[in-house]
Structure formats: C-alpha cells, structure tokens
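Structural overview
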Number of protein chains: 2
Amino acid sequence: MDKSQVFAAAIDLCDSLTEEEDALTRDMVTRLADKWSLWTMSVLAATGAPLRFSRVMEQVEGVSQKSLTKTLRQLERDGLITRKIFAEVPPRVEYSITALGLEMLRHVEPFYLWVAKNVANFQTARADFDGR
Amino acid sequence: MDKSQVFAAAIDLCDSLTEEEDALTRDMVTRLADKWSLWTMSVLAATGAPLRFSRVMEQVEGVSQKSLTKTLRQLERDGLITRKIFAEVPPRVEYSITALGLEMLRHVEPFYLWVAKNVANFQTARADFDGR
DNA sequence: CAGTATCCAGATCGATACTG
DNA sequence: CAGTATCGATCTGGATACTG
C-alpha cells in the first residue's frame, strides 16, 4: 500500500482553495469538535420534525442556555439548521435540520463509527504510552 | 427519505459506550479539529517515510515549536504516529504515521472532501445570514 | 537539534441574573 | 418562552528565552 496516496486527494483539493475557502473549510471541520454542535444536529435529525428551543435543550443534556443559543446560531449561519420564529405570546421558535445538515451528518457518520469502534485501540495505546 | 435514520447508527453506538469510552470518542473527534493535528498527520502520511522534528515543522507552515511538540505528543499517545529517538549528538528524532493513523485519515477524508467541495454552499449561507 | 519553561492574549463555556 | 448580559474559571495557542 502506498502511504503517500492516503489523504492525497484532500491535500490536492486543499491546495486548490483560496485562503478564504481554506479558512472556511477549517471552520467547518472545527465545528465538529465543539462540544455541542454534532449532538444538537443529531437531535434535530433524529426527531425529524421542528423542535422548540426548550425541547432541544432537554435532549441535549447538560448544555447551558447560553451555549445552546450560540451553537444554534452558528449552525443556522452555516445553513445546517433553520430557525423559524412565530409572532406569538409567549414566543415560539422552531429549529429544523436542513438538507445540507443531513448531508453533513451522513459524511461524518462513517468516521464517527470508526472512532467508536476503535475506542479499545486508543485506550490500549494510551495505557502503553502512559506506562512507559 | 427518513431523516430519523441519519446518524441513528452513531447515536445507538454512542449509547452503548461506557462514560469513559464516550469521553475518549469525543476526545478523538476533537483531536481532528484542533488546529494542527490533521495537517501534521497528513504531512507524515504524504511523505511516507520517517521525518525529523524540524522537517515536520517546515511542512506544517505556521506552527510554533510548542504547538507542534504538543500535537506530536498527543498523536503519539493515541497511537496515530510513532516517535523514535536516536542517541546521537546532535539529537535526532523521527516521526512516522502508524497503520492506525492511516486508517483514521482514510475515514476522515470523505468528510473533508465533502466539506471542501461544499465550501461555496457555506459561503452563500453565511452571506445570506449576515445580510439579513 | 529538539525540545522545555514562562508569560500572556484571546476564546470557550458554565452559572447566574435579567428581559421582550 | 426564548433569549441577552455579565462574570469568572479554564483552556488554547503564540512569542520568547533557555537547555541537554
């Protein structure tokens, strides 16, 4: 197997991006890692229907109101979810996953599953490393 | 299409993990997103041969010595790269990608390519959002 | 050469309190 | 109900200086 071919396509593609596009790509990858984005998206996808702010907050256990608000705004800004406001009293706001958001989840899932499946490998690697 | 099936496997798998395993899984996903890990791994993979610290630093443009050291240690700890020290003066240290590291890159690549290909979608989404 | 040590700026996130 | 505002602890990463 030729190691140099792994990720080569990604590197080539990366080189073809402008600085701005590259920064945005990084940004999207980074989004994966922040504490609540992926979880929030998966809740909206799993529900398959619009969800109010408070329902999302219930399902994303442990998130603070502030962090959830920020997470939802970022996801909305990037076109991964939609936010619909109803002019009612008390106010109602509904969040839904978009087609782009679903696409993103689909492309993340294989990687995520692989990591979870290999969790034992990482545990032993760390044990070996720490016990040296 | 049934939205509720997207990412469902990941959620199920996630539920089956212990708290410790779940934390580790998050950790690995987070590793992806930090500023230099993916880039560093892709450099080692693309080279396909052991690389000295200073060579890695040249190719991962913009990384500081401190950040590169930290990145390399984390990757080593997780079994994604190896670090070989030669008892010479001046000291020589060589880094290589592992099979596990290559596997990880292979599972990340599709997602990464998808993001890069959709960079225009994200740009217009942001432009729409900001101009409202 | 390949780090370590120290300092510092900025971002992140939770807790808490307040509001249209 | 769905936020915003503020504070503080914690983390991240860069710059700089020093060392086996």
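Just above, that's the structure.
A brief report on the enclosed structure follows. The model shown is predicted, which means the values in this text are computed figures rather than measured ones. (Residues numbered from 1 in each chain as written. Chains lettered and ligands numbered in written order. Predicted model: local features only at pLDDT ≥ 70, side-chain atom pairs only at ≥ 80, totals over all residues. Heavy atoms only, no water.)

What about the pairing of strand β3 (residues 92–97) of chain A?
Residue and element names in this part refer to chain A. As a reminder of what qualifies: Summary of the burial criterion: residues with accessible area below 20% of their type's maximum are buried, those above 50% are exposed, and those between are partly exposed, where the area comes from a 1.4 Å probe applied to protein chains only. Runs of H or I in DSSP of at least four residues are treated as helices and runs of E of at least two as strands, each being numbered from the N terminus. Between any two strands, pairing holds if DSSP finds at least two bridges.
Among the 6 residues of β3, 5 are classified as buried, and the element is accordingly described as predominantly covered. By the bridge criterion, 2 bridges tie strand β1 (residues 51–52) to β3 in an arrangement that is antiparallel. Across the sheet, residue R52 finds its bridge partner in β3, namely E94. Note that strand β2 (residues 81–86) and β3 share 6 bridges and pair antiparallel. When the bridges of β3 are listed, I81 appears paired with I97. With antiparallel pairing between neighbouring strands as the criterion, β2 and β3 make up a hairpin whose turn holds 5 residues.

Quick notes on the protein's contact with DNA strand C
Just so we agree on the cut-off: Residues are counted as near a molecule or strand when any one of their heavy atoms sits within 4 Å of it. Whenever two N or O atoms come within 3.5 Å, that pair is a polar contact, provided that in protein one can donate a hydrogen and the other can accept it, and provided that, for residues adjacent in sequence, both atoms are side-chain atoms. Amino acids are sorted into nonpolar (Ala, Val, Leu, Ile, Met, Phe, Trp, Tyr, Cys and Pro), charged (Asp, Glu, Lys and Arg) and polar (every other residue, Gly among them).
Around DNA strand C there are 21 residues in total, and A:K66, A:S67, B:S54, B:R83 and B:Y95 lie nearest to it. Looking at DNA strand C alone, sugar and phosphate atoms form 60% of those within 4 Å of the protein. Between DNA strand C and A:K70 there is a distance of 3.4 Å, counted from a phosphate oxygen to a side-chain nitrogen or oxygen. Between a sugar or linking oxygen of DNA strand C and a main-chain N or O atom of B:P91, the distance comes to 3.4 Å. Among the residues forming the surface near DNA strand C, the class breakdown is 7 nonpolar, 6 polar and 8 charged.

Considerations on the protein's contact with DNA strand D
For DNA strand D, the set of nearby residues contains 22 residues, the closest of which are A:S54, A:R83, A:Y95, B:K66 and B:S67. In the interface set of DNA strand D, defined as its atoms within 4 Å of the protein, sugar plus phosphate atoms amount to 60%. In the environment of DNA strand D, a phosphate oxygen lies 2.6 Å from a nitrogen or oxygen atom belonging to the side chain of A:S54. Between DNA strand D and the protein, one listed contact pairs a phosphate oxygen with a side-chain N or O atom of B:W36 at 3.5 Å. Looking at the surface near DNA strand D residue by residue, the classes come out as 7 nonpolar, 6 polar and 9 charged.

Re the relation of the copies chain A and chain B
To be explicit about the condition: A residue counts toward the fit only if its pLDDT is at least 70 in both copies, and the copies are then superposed by least squares on the C-alpha atoms of those residues. In what follows, residue pairs with any heavy atoms lying within 4.5 Å of each other are defined as contacts.
You can overlay chain A on chain B at an RMSD of 0.2 Å; the transform is a turn of 180 degrees with a shift of 0.0 Å along its axis. The two molecules are tied by a two-fold rotation axis, judged by turn and shift. No C-alpha of chain A lies nearer the rotation axis than that of A:A33, which sits 2.8 Å from it. Here 100% of the contact residues of chain A are again contact residues in chain B; the copies associate through an equivalent surface.

A closer look at the interface of chain A and chain B
The condition that has to hold: Accessible surface is computed with a 1.4 Å probe, and the buried area is the amount of it that two parts give up when combined, taken over both parts together. Whenever a carboxyl oxygen of Asp or Glu lies within 4 Å of a side-chain nitrogen of Lys or Arg, that contact is scored as a salt bridge.
Each side of the interface is counted separately: chain A has 65 residues, and chain B has 65 residues. Between chain A and chain B the total buried area reaches about 6,300 Å² when both faces are included, carbon and sulfur atoms providing 70% of it. At the boundary of chain A and chain B, one finds 6 salt bridges. Ionic pairing is found between A:R126 and B:D78, a salt bridge with its closest N-O pair at 2.6 Å. There are 19 residue pairs in polar contact (both at pLDDT 80 or more) connecting chain A and chain B. The leading source of residues in the side of chain A that touches chain B is helix α6 (residues 99–117) of chain A, at 17 residues. Here the side of chain A that touches chain B is built from residues that sort into 37 nonpolar, 10 polar and 18 charged.

Functional significance is not addressed by these values, which are geometric in nature.
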